[in-house]
Amino acid sequence: MRTLTRRMLWTLLLLLAVDIAVVATAAVLLTPWLAPVRDAVATSLPFGGASARIAWWVAVLVPALVAFVWAQLRYTSAQTMAEVDARIVGPEEYPALHERVQRLAQLADLTPPRIAVTDAEVPNSFAIGTLGGATVVVSEGLLSVLDGDELDAVLAHELMHVANRDATVMTLASFLPSLTNGEYDPLADLLPGESRYAPGLVALGLAYVCSARVLEAPFGSLSFTLGFLFLFAVTVLFGGVALGVFTAPVVVLGRSLSRAREFAADRSAAQLTGDPAALVGALETLDGDDDRPRTDKRSAHAGVRGLCFLPYGFDSDGPTDSLAIETRSHPPTAERIERLQAVARSLEQGQSDS
């Protein structure tokens, strides 16, 4: 747990630093078009000079940073659920599943998370977290393959991700890599169809008008338009390069955290249920059966695979190379089993000593 806490702290600090860098870079790149707003704010302040500039940056960066972090968590959790067609289910629809989760959550002194089910035949599960709570997602394939103590062990594993709060950290850490890879397209998701182009066209028009403050050519002339297009192209190009540079350390630390969190959740789940053998059995059943389905119609992205109990997600035949936090972040199943067997020996030793 100490290793997990340390890596979570480093990851959170890095994510905060990267988010600040992203917001600050965006503000700098948009400065030519924000100049009228900046000047209006500066003239309304009772002071000027350096103090006014600092006040302007604080007024821009702090709300933008808070909104950016909040939007990442909300968007990533919603997109992850939609990616696997998961839906929130109540106790009247899945009474046995709810009873298991309620019992295990009570045992862990944890507020029961929401429960979602996807009809995928691939047996897997994952937990996602936001500032407003957590959700545990299981597939119909998992419910059909496992039962009894082995199903309890997998559910306990996901609950430990919630209890350790690494589900929230990993949800946040998966946004930038997935955005950089092109797996996320917020405008296309929020505004389906041709309507997604409307905000961009409006922003482009406003930027064209605001460029009159920084371009010396006559407004509307050919030289003015060419100057605007050049400035816009440089902004987009530099913004894309900067986003890729900022994302790289998130990927590295995210993968390191993902490995540590899987070991920690395995250990905590084994201690919670008092039956490490049940989790070993679940791992062997899910990862050792070559006849189990490993493909599904839905196309789960790499971020989903990185969150799952086992790294093949809901639609993959095996590990794939990707920039996002994905299958390479999971420790080998054999190593997880070996560590669980060590937990079993320590529990047996403790019982014999008592």
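- By the naming in an unreviewed UniProt entry, the protein chain is Protease, taken from Haloarcula taiwanensis.

### Examining the nonpolar core
A general feature of soluble globular proteins is that nonpolar side chains tend to end up buried together.
So, point 1. Ranked by size, the top nonpolar core spans 41 residues in total, and within it L97 and L159 carry the most contacts.
So, point 2. Listing elements by their share of this core, those giving two or more residues are α4 (95-107), β2 (114-118), β4 (133-139), α6 (148-163), α11 (222-273), α12 (276-288) and α14 (333-353).
So, point 3. In terms of residues, this core owes the most to one element, α6, which gives eight residues.
So, point 4. In contact with L159, not counting residues within four places along its chain, are V101, L104, A105, L110, P113 and V136.
So, point 5. Counting residues in each nonpolar core, the second largest holds 19 residues, with M8, V84, V304 and F314 among its members.

### Here's the deal with α6
So, point 1. Taking 1.5 Å of rise per residue, the 16 residues of α6 would be expected to cover 22 Å, and the 22 Å separating its terminal C-alpha atoms lies within 8% of that figure.
So, point 2. Along α6, the residues that are buried comprise L151, D152, A153, V154, L155, A156, H157, E158, L159, M160, H161 and V162.
So, point 3. Once α6 ends, the next one or two residues include R165, with phi positive near 65°.

### With respect to the side chain of H161
So, point 1. As for its position among the elements, H161 is in helix α6.
So, point 2. A polar side-chain atom of H161 sits 2.8 Å from a polar atom in the side chain of D166.
So, point 3. Setting aside chain neighbours within four positions, we find H161 in contact with A127, D166, A167, R261, E262 and A265.

### Regarding the environment of H98
So, point 1. Position of H98 among the secondary structure elements: in helix α4.
So, point 2. H98 sits 14 residues away from P112 along the chain, and the two C-alpha atoms are 9.2 Å apart.
So, point 3. The residues contacting H98, other than those within four sequence positions of it, are V89, G90, P91 and I115.

### Focus: the packing of aromatic side chains
So, point 1. Under the defined criterion, the tally for this structure stands at four aromatic pairs.
So, point 2. Members of the aromatic cluster, each reached through a chain of ring pairs, are F68, Y75 and F175.
So, point 3. For R336, the ring lying beneath its charged end belongs to F309, and the centroid distance is 5.0 Å.
So, point 4. Taking NZ or CZ as reference, R339 lies 3.7 Å from the ring centre of F263, over its face.

### Things to note about the side chain of T235
So, point 1. Considering the arrangement of structural elements, one finds T235 in helix α11.
So, point 2. One polar contact links the side chain of T235 to the main-chain carbonyl oxygen of L231, over a distance of 2.8 Å.

### Observations concerning the sheet that holds β2
So, point 1. Here we have four strands laid out as an open sheet, ordered β1-β2-β4-β3, and mixed in their pairing. Only two strands of the sheet have a single neighbouring strand rather than two, namely β1 (87-88) and β3 (125-130).
So, point 2. Here five bridges tie β2 to β4, and the two strands are oriented parallel to one another. Of the residues in β4, the one forming a bridge with T118 is S139.
So, point 3. Set on the sheet, α6 makes contact with β3 and β4; between it and β3 the angle comes to about 20°.

### Things to note about the UniProt feature "transmembrane region" (unreviewed entry) in the protein chain
So, point 1. Here, the residues flagged by UniProt with the feature "transmembrane region" (unreviewed entry) are residues 12-34, 54-73 and 227-253.
So, point 2. A distance of 29 Å separates the end C-alpha atoms of residues 54-73, which is 100% helix and 0% strand.
So, point 3. The distance from the first to the last C-alpha atom of residues 227-253 is 40 Å, and the span holds 100% helix and 0% strand.

### Some thoughts on α4
So, point 1. With 13 residues, α4 should reach 18 Å at 1.5 Å per residue; the first-to-last C-alpha distance of 18 Å fits that figure.
So, point 2. The set of residues buried in α4 consists of L97, H98, R100, V101, L104 and A105. Mapping the buried residues of α4 onto a view down its axis gives an arc of 160°, with all of them on the same face. Counted as exposed and oriented over 90 degrees from the buried face of α4: P95, A96, Q106 and L107.
So, point 3. Packed against the buried residues of α4 are β2, β4, α5 (140-145), α6 and α11.
So, point 4. Of the residues trailing α4, D109 is marked for its positive phi of about 55°.

About the criteria used
- Residues numbered from 1 in each chain as written.
- Predicted model: local features only at pLDDT ≥ 70, side-chain atom pairs only at ≥ 80, totals over all residues.
- Heavy atoms only, no water.
- Core = buried A, V, L, I, M, F, W, Y, C linked by side-chain atoms within 4.5 Å.
- Buried < 20%, exposed > 50% of the residue type's maximum accessible area, 1.4 Å probe, protein only.
- Helix = DSSP H or I, 4+ residues; strand = E, 2+ residues; numbered from the N terminus.
- Contact = heavy atoms within 4.5 Å.
- Expected span 1.5 Å × (residues − 1).
- Polar contact = N/O pair within 3.5 Å; in protein donor to acceptor, adjacent residues only side chain to side chain.
- Phe/Tyr/Trp six-rings, centres within 6.5 Å; stacked < 30°, edge-to-face > 60°.
- Lys NZ or Arg CZ within 6 Å of the ring centre and 35° of its normal.
- Pairing = 2+ DSSP bridges.
- Axes fitted to C-alpha atoms, helices over the stretch in contact; angles between N-to-C directions.
- UniProt positions renumbered as here; feature names shortened; annotations may be inferred.
- Arc of directions from axis to C-beta.

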